[in-house]
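What follows is each chain in one-letter form.
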Amino acid sequence: MNIGITCYPTYGGSGIVATELGLELANRGHEVHFITYSNPIRLDPGIPRIHYHEVEVSNYPLFQYPPYCLALASRMVDVADAYGLDLLHVHYAIPHSIAAMLAQQMLAPKRRLPFITTLHGTDITLVGADPSYFAITKFSIEKSDGVTSISEDLRRHTVEVFGVSNEILVINNFINCDLYHPDELKAGAAAFAPHGEKLLIHVSNFRPVKRVLDCIRILAEVRKHTPARLLMVGDGPDRGPAEQLVRQLNLTPHVSFLGKQNHVERLIPLAHVLLMPSEMESFGLVALEAMACGVATVTTDVGGVPELITHGVNGFMEPVGDVAAQASRAVELLTDEALHRRITAAGRARAMEHFSTERIIPQYEQYYEEVLSK
Ligand code: GMT
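All figures in this text were calculated on a predicted structure; none of them were measured in a lab. Each chain has its residues counted from 1, running along the sequence as written. Local features in this predicted model are restricted to residues whose pLDDT is 70 or higher, and side-chain atom pairs enter the listing and the counts only when it is 80 or higher, whereas totals over whole chains, interfaces and linings include all residues. Note: side-chain values were computed over all heavy atoms of the structure, leaving out hydrogens and water.

**So, the domain arrangement of the protein chain**
Here is step 1: Domains are outlined according to an automatic or database domain assignment. Assigned domains of the protein chain: these are domain 1 (2-174 + 357-373) and domain 2 (187-354).
Here is step 2: A straight line from the C-alpha centre of domain 1 to that of domain 2 covers 30 Å.
Here is step 3: A quick way to say it: buried area is the sum, across both parts, of accessible area lost when two parts are put together, with a 1.4 Å probe. For the pairing of domain 1 and domain 2, the buried interface totals around 1,500 Å² over both sides, and the portion due to carbon and sulfur atoms is 55%.
Here is step 4: When the area that domain 1 buries against domain 2 is broken down by residue, the three leading residues are Tyr11, Arg42 and Asp153, summing to 39%.
Here is step 5: Here a polar contact is recorded for every N or O atom pair within 3.5 Å, except that within protein the pair must consist of a potential hydrogen donor and a potential acceptor, and residues adjacent in sequence are included only if both atoms are side-chain atoms. Linking domain 1 with domain 2 are 4 residue pairs in polar contact (both at pLDDT 80 or more), by the criterion used here.
Here is step 6: Counting from the N terminus, the helices are DSSP H or I runs at least four residues long and the strands are E runs at least two residues long. Counting residues per element, the ones that place at least two in the side of domain 1 that touches domain 2 are α1 (13-27), α6 (152-162) and α14 (357-372).
Here is step 7: Gly counts as polar in this scheme, as do all residues outside two lists: the nonpolar Ala, Val, Leu, Ile, Met, Phe, Trp, Tyr, Cys and Pro, and the charged Asp, Glu, Lys and Arg. For the side of domain 1 that touches domain 2, the class distribution of residues is 8 nonpolar, 7 polar and 5 charged.

Now the structure itself:
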């Protein structure tokens, strides 16, 4: 198939899933065309059957807000025409589905160009639910030729909040378990923990929904019981407040802020525990990455997380904001080797059995066939 993919090409879960989906599809022989405003991160140049088409947005002084959605729709039409796209697959509803719908209408006199929208979370739970975007988000879901959701929780939430009647297929996020794998020796950890301290890690876009300050408070608690250091990977609005809290709590020597990283598969396996204290996660991709890497997850019992993690079996879930409970789980994992081994082995097994690329990518291929044959 010739597949057009649009996503936010930045450090967000939806862009990462879209990029990795494109790579896996290309690996399976499809021609994949990314139509985005910049080259998606994690997309190295020169990969066979991967094509990148930049969306350029004219910034005429009259525009206080450059009309990105229109430029995207035009580019989708150009690419669909020039490369004979079979379908468009857009990730994150706003504004990508509306752009795809416009492209579809522009091409309609010539031929059918179906589009599939994959819902990722904040496009529904935060942005889409905002009154200024509610009606257009609902409309874009209803006009899509196919809709998928990355968890059952998000599917249910979408139906409840938007009252849409079209079928939403759950296709979970996935992980390449060959690329994301455990590092038993953790030799590289010495660069961050020179005295053999255990490493905690947090990876996110540092938005308020991620509660990054909780990670710092958890570290402070953990250090009362066992030596540990914290790697903070990513960047975003709460990085400044997090750095300030580190200074306030005299934790400066024990926390490394690494900023945005393209190869988290090299960093995550160095840690013992992943902290994901989020207020909301429709799936929690980084927890899946940690499970595949043999890293134990301490997280919150929210959204789609329980579809991934079984408490006490392959990770721990505690209430949002309960720093003491999350810290106590981290201490257990750092000090009880048998427990750590049991949880991480179960986590790796869960990732491989339920969320491997081998299991999930064919579900997308099958759905594409279904939508094309409608
Ligand atoms: O979490 C974010 O702020 C980024 C956001 C996105 O759309 O890029 O992530 C969402 O999509 C990820 C990939 O499907 C999911 O793993 C995240 O759980 C989801 N985030 C939220 O629901 C907050």
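We are not done yet, so read on.
**Brief notes about the site of the ligand**
Here is step 1: We call a residue near a molecule or strand whenever a single non-hydrogen atom of that residue lies within 4 Å of it. In the vicinity of the ligand, 18 residues are found, and the nearest of them are His120, Asn205, Lys210, Glu281 and Ser282.
Here is step 2: Take Gly13: an N or O atom from its main chain is 3.0 Å from an oxygen atom of the ligand.
Here is step 3: A distance of 2.8 Å is found between an oxygen atom of the ligand and a backbone nitrogen or oxygen belonging to Ser282.
Here is step 4: The accessible surface values rely on the Shrake-Rupley method and a 1.4 Å probe; as for residues, cover is taken only from the protein chains in view. Taken by itself the ligand offers 490 Å² of open surface, and the protein chains cover 95% of this.

**Things to note about the pairing of strand β11 (residues 273-276)**
Here is step 1: Three exposure classes are used, based on accessible area relative to the maximum for each residue type with a 1.4 Å probe and protein chains only: buried under 20%, partly exposed in between, and exposed over 50%. Neither face of β11 is exposed, since Val273 and Leu275 on one face and Leu274 and Met276 on the opposite face are all buried.
Here is step 2: Following DSSP output, two strands are said to pair if at least two bridges run between them. By the bridge criterion, 2 bridges tie strand β8 (residues 198-203) to β11 in an arrangement that is parallel. When the bridges of β11 are listed, Ile201 appears paired with Leu274.
Here is step 3: One ladder, built from 4 bridges, connects β11 with strand β12 (residues 296-300); its direction is parallel.

**Thoughts on the nonpolar core**
Looking at soluble globular proteins, one finds that nonpolar side chains tend to be buried together.
Here is step 1: In these notes, a set of buried Ala, Val, Leu, Ile, Met, Phe, Trp, Tyr and Cys residues joined through side-chain atoms within 4.5 Å is what counts as a nonpolar core. Ranked by size, the top nonpolar core spans 45 residues in total, and within it Leu119, Leu199, Ile201, Val203, Ile268, Leu274 and Leu308 carry the most contacts.
Here is step 2: Secondary-structure elements contributing two or more residues to this core are α6, β8, β9 (228-233), α9 (264-267), β11, α10 (285-292) and α11 (305-308).
Here is step 3: Tallying contributions element by element places α10 first for this core, with 6 residues.
Here is step 4: Two domains each provide a minimum of three residues to this core, namely domain 1 (2-174 + 357-373) and domain 2 (187-354).
Here is step 5: Contacts are assigned to residue pairs that have any heavy atoms within 4.5 Å of one another. Setting aside residues no more than four positions away along its own chain, Leu274 makes contact with Ile201, His202, Val203, Val286, Ala287, Ala290, Val295, Ala296, Thr297 and Val298.
Here is step 6: Grouped together as the second largest cluster of nonpolar side chains are 30 residues, Ala242, Val331, Leu334 and Leu339 included.

**What to know about the side chain of His254**
Here is step 1: Here His254 is to be found in the loop between α8 (239-248) and β10 (255-259).
Here is step 2: Side-chain polar atoms of His254 contact the side chain of Arg223, separated by 3.2 Å.
Here is step 3: Beyond its immediate stretch of four places on either side in the chain, His254 contacts Leu219, Arg223, Ala228, Arg229 and Leu230.

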